[in-house]
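# Coordinate analysis (summary)
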Amino acid sequence: MPATPSGPRVVVDADALARVGVALADATRRRLLLTLLEGPAFPADLAERLELTRGNVSNHLSCLRGCGLVTTTPVGRRVRYELADPRLAGALADLASLVLVVEHDECPPGSQCCDDDDPKHESRPTP
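Residues numbered from 1 in each chain as written. Predicted model: local features only at pLDDT ≥ 70, side-chain atom pairs only at ≥ 80, totals over all residues. Heavy atoms only, no water.

### As for the packing of aromatic side chains
Put simply, the test is: Only centres within 6.5 Å qualify two rings of Phe, Tyr or Trp (six-membered ring in Trp) as a pair; their planes then separate them into stacked at under 30 degrees, edge-to-face at over 60, and tilted for everything else. A ring is considered to have a charge above it if a Lys NZ or an Arg CZ atom is located within 6 Å of its centre and within 35 degrees of its normal.
Within the structure shown, the criterion is met by zero aromatic pairs. It is Arg78 that lies over the ring of Phe42; its NZ or CZ is 3.8 Å from the centre.

Here you go:
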């Protein structure tokens, strides 16, 4: 009889990962998700806080809602947005805290990962 691994079995939903990937692929959606880590918010407040237009925020929130990452709650005539699952907050916080080192030589051609114009890009010499 084959040995079974100890501990809980992890089940990965590839479609859910794809939706998270779509959400995280855009800088504005990343900023919105990170802001929603702090708690529920109204689109107008998110637009003001992130210095974006209300239309832009509304479009991105619709995408996030379509991906299943945020939910809405009517509050009077307004709609409040929040993360759809409390576990998403922990996962986003964990992802945001990752430190990834990418060497220039390892970036795929045409990739944005090695954009030398990005002030956050840290060039490291290859050993």
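### A word on the pattern of salt bridges
This is how the line gets drawn: The term salt bridge refers to a side-chain nitrogen of Lys or Arg lying within 4 Å of a carboxyl oxygen of Asp or Glu. Counting from the N terminus, the helices are the DSSP runs of H or I reaching at least four residues and the strands are the DSSP runs of E reaching at least two. For every residue, the accessible area obtained with a 1.4 Å probe (protein chains only) is divided by the maximum for its type, and the residue is called buried under 20%, exposed over 50%, and partly exposed between those limits.
One pass over the structure, following the stated rule, counts three salt bridges. Close ionic contact of Asp45 with Arg78 constitutes a salt bridge, the shortest N to O distance being 3.5 Å. Remark: Arg78 occurs in strand β2 (residues 78-83) and Asp45 occurs in helix α3 (residues 43-50); sequence separation between them is 33 residues. For Asp45, a relative accessible area of 40% gives the class partly exposed. Salt-bridge contacts for Asp85 lead to Arg87; the nearest nitrogen and oxygen are separated by 2.7 Å.

### Some words on the pairing of strand β1 (residues 70-75)
Defined as follows: Any two strands with at least two DSSP-identified bridges between them are counted as paired.
Where β1 and β2 come together, six bridges link them in antiparallel fashion. Considered in β2, the bridge of Val75 is made with Arg78. The hairpin turn running from β1 into β2, its antiparallel successor, is two residues long, and Gly76 in that turn takes a positive phi close to 65 degrees.

Structural measurements only, silent on function.
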